[in-house]
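Each chain, letter by letter, is given below.
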Amino acid sequence: ENDAGDYTCVCGDKQSTASLAVHALPVLFKEELKNEEVLEGASVSLRCELTKAAPVQWKIGSKVLKASDKYQMRQPGTTAELVIHDLEVKDA
């Protein structure tokens, strides 16, 4: 999308201009989340990979998760990762 704009070819005192529009491809999941079974008190890492870097939001049900001592969120490049620490039965 950053490449969109008007491009001009100049030759002496003549020029030709064209407008370039770039349509963004949708973000898709290359690798989806996988189900996990973990013991109480442990930590778990949930990870998915996108087709391109894009902001993500982590939820449990309809509740949006925020970074804290319990929830750690990372997003290096196209990989989105949620680490949940000190798991409790209610975290299922």
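Residues numbered from 1 in each chain as written. Predicted model: local features only at pLDDT ≥ 70, side-chain atom pairs only at ≥ 80, totals over all residues. Heavy atoms only, no water.

Novice: Just checking my understanding: could you explain the UniProt feature "domain: Immunoglobulin I-set" (unreviewed entry) in the chain for this structure?
Specialist: As recorded in UniProt, the feature "domain: Immunoglobulin I-set" (unreviewed entry) lies at residues 29-92. Helix makes up 0% of residues 29-92 and strand 38%. Its end C-alpha atoms lie 23 Å apart. (UniProt positions renumbered as here; feature names shortened; annotations may be inferred. Helix = DSSP H or I, 4+ residues; strand = E, 2+ residues; numbered from the N terminus.)

Novice: What am I meant to see in the sheet that holds strand 4 (residues 44-50) here?
Specialist: Backbone hydrogen bonds hold the strands of a sheet together, and the pairing may be parallel or antiparallel. Sheet architecture is open: four strands sit in the order 3-4-8-7, paired in antiparallel fashion. On the outer flanks of this sheet lie strand 3 (29-31) and strand 7 (71-74), each paired with one strand and no other. Taken pair by pair, the neighbouring strands of this sheet meet at an average axis angle of 25°, ignoring direction. Pairing analysis gives four bridges linking strand 7 to strand 8 (residues 79-84), with the strands arranged antiparallel. Among the inter-strand pairings, Tyr-71 is bridged to a residue of strand 8, identified as Ile-84. (Pairing = 2+ DSSP bridges. Axes fitted to C-alpha atoms, helices over the stretch in contact; angles between N-to-C directions.)

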